[in-house]
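Coordinates in review
Chain residues, written in single-letter form:
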Amino acid sequence: MLAAIPFPDLSPELFAVTIFGTEFALRWYALAYIAGILIGWRIAVWAVKRPHLWRRDTAPLTVSQVEDLLTYVILGIILGGRLGYVLFYQPVYYLQNPFEIPMIWTGGMSFHGGLLGVVTALLIFHRRTRVPLGPTADLLALATPVGILLGRLANFVNAELWGRATDMPWGVIFPGAAAQDCGQPEGMLCARHPSQLYEATLEGLLLLIVLFVLVHRGALKQPWLVAGTFFAGYGIGRFIVEFFRQPDAQFVSPGNPLGLAVEIGGYGLTMGQLLTLPMILGGAAAILWARRRQPA
């Protein structure tokens, strides 16, 4: 390790108070969820208040319907994110400890699970209200990247989901176990890729900019185009970052140091890449579908 950046003195808690002997803390990660949902809601309201952005100059939802949809989305994020983590990453552990499944405050949420939860919530909302499915999916896609951006920044503050060891000058020496066990000589700290910041940039900030540029060029007039771009864009960004992100401990072994979930002939995919491939393919299909049905 020739050069590295020490992890800044950041606390995962914004503040903590003690009430009747019990401590209550507001963590940056929880704040990221709250802020991401609220900002996403305001983006959605902004979009439906501008009918000229939509096909036939008609927004697919009213402001009141956006607020109703928000409740479905919150439930989808929480339930889907938790169940996704349980099923995709720790099925054996939670099969042995089923009472810990609802304990979301202990950590453990999956983006892909949360995404499936939101998709399910959207389908239920569509079935109950008959709002158009494609434009509503576009609306949710436009509102999502800001939440991803804030969530990944919170991961960095929490010093979690860090990257693989690196000798790049922007490598970060994360505290605790992250600074050890990566092949460095004894007593020498380990620098790692700040993969949380890579994801915040690619899956959050860059994707947000791309979607807003498309919207201002009339993309919302082509149902599924914004949603397809979100799926493909997030999938590509996550697939790339997985090469730099430390795999989950349960997938790492002496014979599988890269943490591959699927391996054939020494090559394979991590769990994050495996779950991301359907997003890339589905996003590309949605983009093609939207372009072929482009209105005159």
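Bear in mind that the values here come from a model prediction, so they are computed numbers and not experimental data. (Residues numbered from 1 in each chain as written. Predicted model: local features only at pLDDT ≥ 70, side-chain atom pairs only at ≥ 80, totals over all residues. Heavy atoms only, no water.)

1. Remarks on the overall build of the protein chain
Counting secondary structure elements, the protein chain contains nine helices and six strands. On C-alpha atoms alone, the protein chain measures out to a radius of gyration of 21 Å, which is about the 19 Å that the 2.2 N^0.38 rule sets for 296 residues. Across its three principal directions, the C-alpha atoms of the protein chain cover 65 × 55 × 40 Å. The buried share of the protein chain, taken over its 296 residues, is 42%. In the structure as shown, the protein chain presents an accessible area of about 15900 Å², 67% of it carried by carbon and sulfur atoms. (Helix = DSSP H or I, 4+ residues; strand = E, 2+ residues; numbered from the N terminus. Rg over C-alpha atoms; globule rule 2.2 N^0.38 Å. Buried < 20%, exposed > 50% of the residue type's maximum accessible area, 1.4 Å probe, protein only. Areas by Shrake-Rupley, 256 points an atom, 1.4 Å probe, with all protein chains shown as cover.)

2. Focus on unusual backbone geometry
Here Arg-56, not a glycine, exhibits a phi torsion of approximately 55 degrees, which is positive. With respect to the element layout, Arg-56 can be found in the loop between α1 (28–48) and α2 (63–88). Even without being a glycine, Leu-161 presents a positive backbone phi close to 55 degrees. With respect to the element layout, Leu-161 can be found in the loop between α6 (145–157) and β4 (172–173). On the basis of relative accessibility, which here comes to 31%, the residue Leu-161 falls in the partly exposed class.

3. Some details on the environment of Asn-155
Inspection of the secondary structure assignment puts Asn-155 in helix α6. According to the relative accessible area criterion, Asn-155 is buried, its value standing at 3%. Those residues in contact with Asn-155 that sit more than four places away from it in its chain are Tyr-29, Glu-160, Leu-161 and Gln-196. (Contact = heavy atoms within 4.5 Å.)

4. Re helix α9 (residues 271–292)
Taking 1.5 Å per residue, 22 residues should reach 32 Å; α9 reaches 33 Å between its end C-alpha atoms and fits that length. Among the residues of α9, Met-271, Gly-272, Gln-273, Leu-275, Thr-276, Met-279, Ile-280, Gly-283, Ala-286 and Ala-290 are the ones counted as buried. (Expected span 1.5 Å × (residues − 1).)

5. A word on the pattern of salt bridges
In total, this model carries six salt bridges according to the counting rule given. When the shortest N-O distance is used, the salt bridge between Lys-221 and Asp-57 registers 3.4 Å. Highlighted residues: Lys-221 in the loop between α7 (195–216) and α8 (225–241) and Asp-57 in the loop between α1 and α2, separated in sequence by 164 residues. Here Glu-242 ties to Arg-238 by a salt bridge, and the two come within 2.8 Å at their closest N and O atoms. (Salt bridge = Lys/Arg side-chain N within 4 Å of Asp/Glu carboxyl O.)

6. Section: the packing of α2 against helix α4 (residues 111–129)
Running from N to C, α2 and α4 cross one another at 140 degrees; their axes reach a closest spacing of 6 Å. Where α2 crosses over α4, the handedness of that crossing is right-handed. In contact with Gln-65, Asp-68, Leu-69, Tyr-72, Val-73, Gly-76, Ile-77, Gly-80, Gly-81, Gly-84 and Phe-88 of α2, α4 contributes His-112, Gly-113, Gly-114, Leu-116, Gly-117, Val-118, Ala-121, Ile-124, Phe-125 and Arg-128. Considered class by class, the residues forming the contact of α2 with α4 number 10 nonpolar, nine polar and two charged. (Axes fitted to C-alpha atoms, helices over the stretch in contact; angles between N-to-C directions. Left-handed = near helix turned anticlockwise from the far one by under 90°. Nonpolar A, V, L, I, M, F, W, Y, C, P; charged D, E, K, R; others polar.)

7. Quick notes on a nonpolar patch on the surface
On the surface, Leu-202, Leu-206, Val-210, Ile-236, Ile-240, Phe-243 and Phe-244 cluster together into a nonpolar patch covering about 580 Å² of accessible area. The set of elements that each furnish at least two residues to the nonpolar patch consists of α7 and α8. When residues in the nonpolar patch are grouped by element, the largest group, three residues, is from α7. The residue Phe-244 is located in the loop between α8 and β5 (260–264) in this model. Classification of Phe-244 by relative accessible area gives partly exposed; the value is 33%. (Patch = residues over 30% accessible without salt bridge, like charges linked within 9 Å, V, L, I, M, F, W, Y side chains within 5 Å.)

8. Considering empty space enclosed by the protein
Tallying each qualifying case throughout the model produces one cavity of 30 Å³ or more. Put simply, the largest cavity is a space of about 80 Å³. In terms of lining, the largest cavity is formed by 13 residues, of which the most central are Glu-242, Pro-247, Asp-248, Thr-270 and Gly-272. Taken together, the residues of the lining of the largest cavity break down into four nonpolar, four polar and five charged. (1 Å grid on protein atoms, 1.4 Å probe; cavity = no way out; pocket = protein on both sides within 12 Å on 5 of 7 lines; lining within 4 Å. Points joined across faces, edges and corners; volume = space filled by probe spheres on them.)

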